[in-house]
Amino acid sequence: MTANPALEAQIDRWRQAQGRARVIVDDDVAELEDHLRAQIADLEAVGLDSDEAFLVAVKRLGRADAITHEFAQEHSERLWLQLTLGGATGGRAGPDGRAGPDGRAGLDGPGELGGLDAAASAGLGGLRGFGEPDGPRPSTGAGAGPGGKGGSGAGPGGKGGLGRAGAAAGAGRSEPSPESGANGAGLVSAPGARTSRATGGAAALRGIGQDLALVLALAGGAGVTVWGMKTLLGYGAAFGLNVGFAVWPWLIAYFAWRRPTARAVLIPVAGAGVILALAVNLFPFAPGGSTETLTALHVPIVLWGLGGIVYCGRWELVKRRLIDFVRFSGELAIYYALIGLGGGVLLGLMVTALQNLGYNYEWALDGWILPVCMPAALLVAAWLVEAKQGLIENMAPVLTKIFTPLTLAMLVALLPVLVSAGDLAYIDRDELIVFDAILMLVVALVLFAASARERLAPPGLFDWLQFALVVCALAVDSVVLAAMLGRIAEWGTSPNKLAALGLNVLLAGQLIGAGWFAARFGLRRSPFVALERWHTGYLPVYCVWAAAVALAFPPVFGFG
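So, here is what we can say about the structure in this document. (Residues numbered from 1 in each chain as written. Predicted model: local features only at pLDDT ≥ 70, side-chain atom pairs only at ≥ 80, totals over all residues. Heavy atoms only, no water.)

Looking at a nonpolar patch on the surface
Counted only if it meets this: Patch membership needs two things, relative accessible area over 30% and no salt bridge, and members are linked within 9 Å if like-charged or within 5 Å if nonpolar (Val, Leu, Ile, Met, Phe, Trp, Tyr). All accessible areas in this document rest on Shrake-Rupley with a 1.4 Å probe, and a residue is counted as covered only by the protein chains that are shown. The working definition used for a salt bridge is a side-chain nitrogen of Lys or Arg within 4 Å of a carboxyl oxygen of Asp or Glu. In DSSP terms, a helix is any run of H or I states spanning at least four residues, a strand is any run of E spanning at least two, and both are numbered starting from the N terminus.
A contiguous nonpolar surface patch, about 370 Å² in accessible area, is contributed by Val398, Ile402, Phe403 and Leu406. Mapped onto the secondary structure, Ile402 falls in helix α14 (residues 395-419).

Some points on the nonpolar core
Operational definition: Buried Ala, Val, Leu, Ile, Met, Phe, Trp, Tyr and Cys residues that are joined via side-chain atoms within 4.5 Å together make up what is termed a nonpolar core. Partly exposed residues are those whose accessible area sits between 20% and 50% of the maximum for their type, while under 20% is buried and over 50% is exposed, using a 1.4 Å probe and protein chains only. Contact definition: two residues touch when any of their heavy atoms are within 4.5 Å.
Ranked by size, the top nonpolar core spans 82 residues in total, and within it Tyr254, Phe255, Phe328, Leu379 and Leu411 carry the most contacts. With residues near it in sequence (within four places) discarded, Phe328 still touches Phe255, Trp304, Tyr311, Ala382, Val385 and Glu386. The next biggest cluster of nonpolar side chains, apart from the first, holds 14 residues, and it includes Leu43, Leu48, Ala53 and Ala57.

Some points on the side chain of Thr295
Secondary-structure assignment places Thr295 in helix α10 (residues 290-312). In this view, Thr295 contacts Leu241, Val280, Phe285, Val549, Ala550 and Pro554; residues no more than four positions away in its chain are not counted.

Structural notes on the packing of aromatic side chains
Just so we agree on the cut-off: Classification of ring pairs uses Phe, Tyr and Trp, with its six-membered ring standing for Trp, and accepts pairs whose centres are within 6.5 Å; under 30 degrees between planes counts as stacked, over 60 as edge-to-face, and the remaining range as tilted. Over a ring means this: the NZ of a Lys or the CZ of an Arg is within 6 Å of the ring centre and within 35 degrees of the ring normal.
Under the counting rule described, the total for this entry stands at 22 aromatic pairs. Pairing Phe325 with Phe328 gives two aromatic rings, centres 6.2 Å apart and planes at 20 degrees, and the pair type is stacked. Note that Phe325 and Phe328 are positioned in helix α11 (residues 318-357) at a spacing of 3 residues, about one turn of the helix. Neither Phe325 nor Phe328 differs from the other in exposure class; each is buried. A centroid spacing of 5.6 Å and a plane angle of 50 degrees characterise the contact between Phe553 and Phe557, whose relative ring orientation is tilted. Aromatic rings pair up to connect Tyr254, Phe255, Trp257, Trp304, Tyr311, Phe325 and Phe328 into one cluster. Taking the ring centre of Phe462 as reference, the NZ or CZ of Lys401 above it sits at 4.7 Å. For the cation-ring pair, Arg453 lies above Phe528, with the distance from its terminal atom to the ring centre recorded as 4.9 Å.

A look at the packing of helix α9 (residues 263-282) against α10
The condition is simple: Only C-alpha atoms enter the line fits that serve as axes; for helices the fit covers just the stretch in contact. Angles between N-to-C directions range over 0 to 180 degrees. Geometric relationships in this document are graded by angle, where less than 35 degrees denotes roughly parallel, more than 145 denotes roughly antiparallel, 65 to 115 denotes roughly perpendicular, and other angles denote oblique. When residues are grouped by polarity, Ala, Val, Leu, Ile, Met, Phe, Trp, Tyr, Cys and Pro land in nonpolar, Asp, Glu, Lys and Arg in charged, and all others, Gly among them, in polar.
Put simply, α9 and α10 touch, their axes get as near as 10 Å, and they point 170 degrees apart. Classified by the angle their axes make, α9 and α10 are roughly antiparallel. Every residue of α10 that contacts α9 at Val265, Leu266, Val269, Ala272, Gly273, Leu276 and Val280 is listed here: Thr295, Val299, Val302, Leu303, Leu306, Ile309 and Val310. Considering only residue class, the contact of α9 with α10 consists of 12 nonpolar, 2 polar and no charged.

Observations concerning unusual backbone geometry
Backbone geometry at Arg524 places phi at a positive 60 degrees, although glycine is not the residue there. Tracing the chain through its elements places Arg524 in the loop between α17 (495-522) and α18 (528-551). Look at Arg524 and you get exposed, because its relative accessible area is 61%.

Overview of the pattern of salt bridges
Following the criterion strictly, the structure yields 5 salt bridges and no others. Residue Arg327 is joined to Glu331 by a salt bridge in which the shortest nitrogen-to-oxygen separation is 2.9 Å. Highlighted residues: Arg327 and Glu331, both in helix α11, separated by 4 residues, approximately one helical turn. In this pair, the class of Arg327 matches that of Glu331, namely buried. Across the salt bridge formed by Asp463 and Arg453, the nearest N and O atoms sit 2.8 Å from each other. Placement of Asp463 in helix α16 (residues 461-491) and of Arg453 in the loop between α15 (429-452) and α16 is noted, with a sequence separation of 10 residues between them. Each member of the pair, Asp463 as well as Arg453, is classed as buried.

Okay, structure coming up:
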């Protein structure tokens, strides 16, 4: 199906409305979107235009409230989490249906479909000619409220919006039930699925317990694998080359378990991992050579990129779900850091206590605790990101809004110092490495901000701050590139210099594109999705470059 901007805008609005449902997460929305697009393609094939096909497809899938009820039944543990912690979400609509503190309308209000209101309320009411008789319809899961202003089907007057009274999804009644709560969600107490909250909570606890048990098993497997590798190889160069391969299969298993993954994805990804492992272990690296270190640094990047493909589930979904993997990666880093800080405090207390008692603790710290707990914590952090998705949803935008101006201020302060450093060829190599780390942090922040932003929100001050951050980062990268070229001209090339130069060229390319699309979005000349697609389309370039450094640099530079 060829790209149709108007149709894509409608699907974006539909996706935003679906995503606001508390029991629906990104993977669910993506699955529903696949069905929606398939329906649209079928309808266009029989002669409907894109607008008609979209409306009929939405009608066939069911309105957002009925879908919410369906997913509540299927994913009761997720519903339990949101019911018990709902007060912390902060960004949902209040009882009056107005936007919450984060500015987004919830599913309780009369206008939650945003720009889709006219299509969903008026347009769907006129689709009865496509196989649905005129006149009053029986309730089919989310009955119209008083005056016909609620419910998934049009009530009297032909208004079929998703108002408060009709949000009793699956209830089959014209008003919210007393058990459904102030917002009439009716997700737990609807007839046909009427269970006590205690019973639902117990089932959810069992589900969460089973999930956690499996995650702990995978985490333990990763920890024991790394410990076994450390026991066999020690903390040497071989361990550095292979530690990623020890953790990666367990992480891939977690991704494949959490979401349906096609064999057409798993088999080639696993094959690529095996080939990479064989290559780096068969290379005759010179002891202490630069290419061995570069390979050890770049292998995890390639493995993480392959893991992102498994996270997306199917090849045809990679383009759309890659931005979700970006957000997952950012949130994973946050949780892993928090676990590391907490674990560091506990280790510090334990070490102090052992020292005061005269015990030798180093054998336990180096032999067991670090090699087992550090990889295991990665799997636990990945599970926390998924399990707490409803709560972290509001953390990502807040973090980006805090760190964007702070990082911008840092770059503004560093840029004149870097420019006034004198002959760029003589800037210390370690200083250039620090600036590279800063630039990678900026790109990661820009990506994370893009993954956390509401696609349909109009441009604002924060978007221009992001643009300023990109411009300043590009200026810093230009100076760093000039310094690197000067060093190469002065002292010749080397694997380290070439790898650093290539990284900075890639960073400059992404920043240039990001600045271009951010400016066009700020001036309202292109949608935000264009900027998002630039980022996700560019990410594979990093993986290709990392693979080139890991596999091509060693033979090119004689494994030295």
